[in-house]
Amino acid sequence: MSVRTLPLLFLNLGGEMLYILDQRLRAQNIPGDKARKVLNDIISTMFNRKFMEELFKPQELYSKKALRTIYERLAHASIMKLNQASMDKLYDLMTMAFKYQVLLCPRPKDVLLVTFNHLDTIKGFIRDSPTILQQVDETFRQLTEIYGGLSAGEFQLIRQTLLIFFQDLHIRVSMFLKDKVQNNNGRFVLPVSGPVPWGTEVPGLIRMFNNKGEEVKRIEFKHGGNYVPAPKEGSFELYGDRVLKLGTNMYSMNQPVETHMSGSSKNLASWTQESIAPNPLAKEELNFLARLMGGMEIKKPSGPEPGFRLNLFTTDEEEEQAALTRPEELSYEVINIQATQDQQRSEELARIMGEFEIMEQPRLSTSKGDDLLAMMDEL
Amino acid sequence: MVAADLEGPYEPGVRRADLGLQVHWCVLPFRVLLVLTSHRGIQMYESNGYTMVYWHALDSGDASPVQAVFARGIAASGHFICVGTWSGRVLVFDIPAKGPNIVLSEELAGHQMPITDIATEPAQGQDCVADMVTADDSGLLCVWRSGPEFTLLTRIPGFGVPCPSVQLWQGIIAAGYGNGQVHLYEATTGNLHVQINAHARAVCALDLASEVGKLLSAGEDTFVHIWKLSRSPESGYIEATPLL
């Protein structure tokens with residue numbers, strides 16, 4: 001697996017999260033200044049220097065559950081709150097969207113262009129905040145520094161690492177179904193027409209050469225697809241035409257986006273497998289979370305700004321219903337921690353968790369030996 | 001079915017590169033072995049699929065923290081089994097007619113990038129005939145002659161894209177590339193004789209039906225193609241015709 005995958009995964013998923021939140025804030029008619037504050041707070045937390053430093057260290061990808069904990073924390077970095085059902089739906093949408101983008105990338109390297117598309121749009125959200133803009137530009141610079149020189153083979157490995165992360169995820173998204181880019185079984189449709197990737201020839205030609213390298217014969221054949229040459233290469237500069245549309249905001253139209261849980265039994269079986277088997281990486285995942293969340297600087301809410309709840313569904317009843325009917329196997333329960341033998345680590349994580357203030361929810365008074373699981377439950 | 005369990009001690013300090021296992025039946029003169037590669041090493045089993053006869057742990061000593069460590073690319077050549085690694089080294093194992101007394105006899109240096117695939121074919125009888133090709137992430141191909149010591153005969157440079165799959169048949173090297181092309185080279189000279197714009201995405205795999213000279217290519221563009229390989233009766237140069 002590539003150890004350079006996490007920044008790309010995190011930034012793209014984060015970008016999708018912001019697109020969805022922006023759309024829901026508008027759909028729920030949240031006043032402009034509040035909506036802007038929420039997005040600004042989340043973006044500024046995401047691109048915080050210390051957090052980015054941790055993110056860019058060479059490391060493996062951890063589980064989807066571990067990553068979800070980070071996003072849940074991020075989503076609550078401001079005055080907005082999400083119920084479990086809405087957070088679940090948000091994470092489903094984020095992951096399926098990025099899975100789609102990775103699958104459809106023409107070249108493995110194009111995942112970098114997808115990332116830049118996300119960053120470009122994020123910069124649009126925080127147009128009026130020069131400090132945060134600077135943070136995003138700095139991240140841009142880091143991405144260019146680390147990924148600019150990677151070979152095609154290394155990008156192929158990154159692509160494979162990402163696809164393995166998304167394996168067996170087949171949640172149906174109404175927008176994808178409607179646009180016919182996803183089938184009813186949750187699988188994405190791979191197009192066989194359109195421009196070929198930059199650096200690839202349109203299929204259909206065989207050229208034969210002699211010993212001196214001179215062409216002596218050629219045959220044309222029908223390829224089966226309907227491809228055209230690539231118009232131009234997307235720009236990897238700070239500003240530029242990315243050419244690729246993957247990673248741009250597909251929620252800019254004001255339409256509700258629904259998810260349906262995929263009903264294939266094969267998928268359910270593999271999910272159950274994952275949650276039952278004791279996770280040998282549990283300790284490492286805790287360390288990973290401790291490092292990343294430790295780098296997150298959550299601004300303590302000050303002043304009279306009242307919080308509000310965002311709903312990813314169209315009505316409260318729908319949200320309740322979704323919570324009740326979510327298949328057990330697809331629930332993003334907290335990480336299954338077997339025995340937190342590493343006392344020091346778990347204490348440190350407990351301390352960090354303690355710094356996060358939760359709005360509107362009184363801390364449950366528990367005994368001194370708070371176990372980590374309970375603390376994370378409170379998020 | 002072999003239950004591929006991760007043998008060997010779990011070392012918390014060693015970076016795990018959870019690459020999927022690769023599996024290959026290695027047909028040798030007197031036995032058949034099942035070889036598995038992973039991020040930690042190489043396992044070899046008897047043909048019954050459960051008697052492990054050899055375990056080779058990968059040496060990650062030289063790897064920088066940003067490098068993934070793994071073995072990839074397996075082929076049998078005479079009584080040798082060759083396995084590629086993340087560093088570009090190709091490990092050559094000498095396999096006895098029976099028993100577990102397998103020895104790492106050579107480490108071939110020819111590549112600087114991770115090996116992607118290895119192809120072999122039985123020596124055609126003459127002395128200087130190439131019988132092994134190794135490919136890597138940069139698209140470089142190395143052509144070898146097997147023996148008590150393997151000899152590097154020629155190198156065919158890449159052109160900026162990985163070569164995920166390679167085949168060798170009657171002195172013809174077939175190579176599939178990340179840009180969707182399939183190239184056919186003369187193994188003895190390294191000259192490119194056929195260039196096929198075969199796929200609109202990376203070529204994932206090649207397979208060859210050796211008795212009829214048909215090459216199959218599969219690509220990430222969802223297509224599978226079949227090509228007939230031949231030599232021109234006049235010039236002897238390699239040719240290819242599309243069949244599917």
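Reference entry: report on the structure contained in this document. (Residues numbered from 1 in each chain as written. Chains lettered and ligands numbered in written order. Predicted model: local features only at pLDDT ≥ 70, side-chain atom pairs only at ≥ 80, totals over all residues. Heavy atoms only, no water.)

1. Quick notes on the interface of chain A and chain B
Definition in use: Contacts are assigned to residue pairs that have any heavy atoms within 4.5 Å of one another. A simple way to read buried area is as the amount of 1.4 Å-probe accessible surface that goes missing from two parts once joined, with both sides added. Should a side-chain nitrogen of Lys or Arg be within 4 Å of a carboxyl oxygen of Asp or Glu, the pair is scored as a salt bridge. Working definition: helices are DSSP H or I runs of at least four residues, strands are E runs of at least two. Numbering for both runs from the N terminus. Here the rule is simple: two strands pair whenever DSSP picks up at least two bridges between them.
With 42 residues of chain A at the interface, the matching set in chain B holds 41 residues. Summing both sides of the interface, chain A and chain B together bury roughly 3400 Å²; the carbon and sulfur share of this comes to 55%. Of all residues in chain A, M1(A), F209(A) and N211(A) give up the largest surface area on contact with chain B, accounting jointly for 16% of the area buried on that side. Summed over the shared surface of chain A and chain B, the number is two salt bridges. In this structure, E239(B) and K217(A) form a salt bridge, with 3.6 Å as the shortest nitrogen-oxygen distance. Mapped by element, the contributors of at least two residues to the side of chain A that touches chain B are helix 8 (152-165), strand 4 (205-209) and strand 5 (215-220) of chain A. With six residues, the single largest contributor to the side of chain A that touches chain B is helix 8 of chain A. Direction of pairing for strand 4 of chain A relative to strand 16 (residues 192-197) of chain B: antiparallel, over a ladder of four bridges. Within strand 16 of chain B, the position partnered with I206(A) by the bridge is I196(B).

2. Here's the deal with the packing of helix 4 (residues 64-75) of chain A against helix 5 (residues 84-104) of chain A
Residue and element names in this part refer to chain A. Note the cut-off: For every element, the axis is a line fit to its C-alpha atoms; helices are fit only across the contacting stretch, and the angle between N-to-C directions ranges from 0 to 180 degrees. Should the near helix be turned counterclockwise from the far one by less than a right angle, the crossing is left-handed, whereas a clockwise turn marks it as right-handed. Throughout this entry, Asp, Glu, Lys and Arg are counted as charged residues, while Ala, Val, Leu, Ile, Met, Phe, Trp, Tyr, Cys and Pro are counted as nonpolar. The remaining residues, Gly among them, count as polar.
Interhelical geometry of helix 4 versus helix 5 gives an angle of 115° and a closest axis separation of 11 Å. As helix 4 packs across helix 5, the resulting crossing turns out to be right-handed. Residues K64, L67, R68, Y71, E72 and A75 of helix 4 form the contact with helix 5, whose own contacting residues are Q84, M87, D88, Y91 and M94. By residue class, the composition of the contact of helix 4 with helix 5 is six nonpolar, one polar and four charged.

3. A few points about the environment of V102(A)
All names here are of chain A. By the secondary structure assignment, V102 is in helix 5. Residues V102 and L310 lie 208 residues apart in sequence; the distance between their C-alpha atoms is 28 Å. When sequence neighbours within four positions are dropped, the list of residues in contact with V102 reads V111, R159, L162, L163 and F166.

4. Here we look at the nonpolar core
This is how it is decided: Side-chain atoms within 4.5 Å are what join buried Ala, Val, Leu, Ile, Met, Phe, Trp, Tyr and Cys residues into a set we call a nonpolar core. The rule is simple: take the accessible area with a 1.4 Å probe, protein chains only, and divide by the maximum for that residue type; under 20% is buried, over 50% is exposed, in between is partly exposed.
Within the largest apolar cluster, 88 residues are counted, with the highest numbers of intra-cluster contacts made by F10(A) and Y71(A). Setting aside chain neighbours within four positions, we find F10(A) in contact with M46(A), F51(A), M52(A), L55(A), I70(A), Y71(A) and L74(A).

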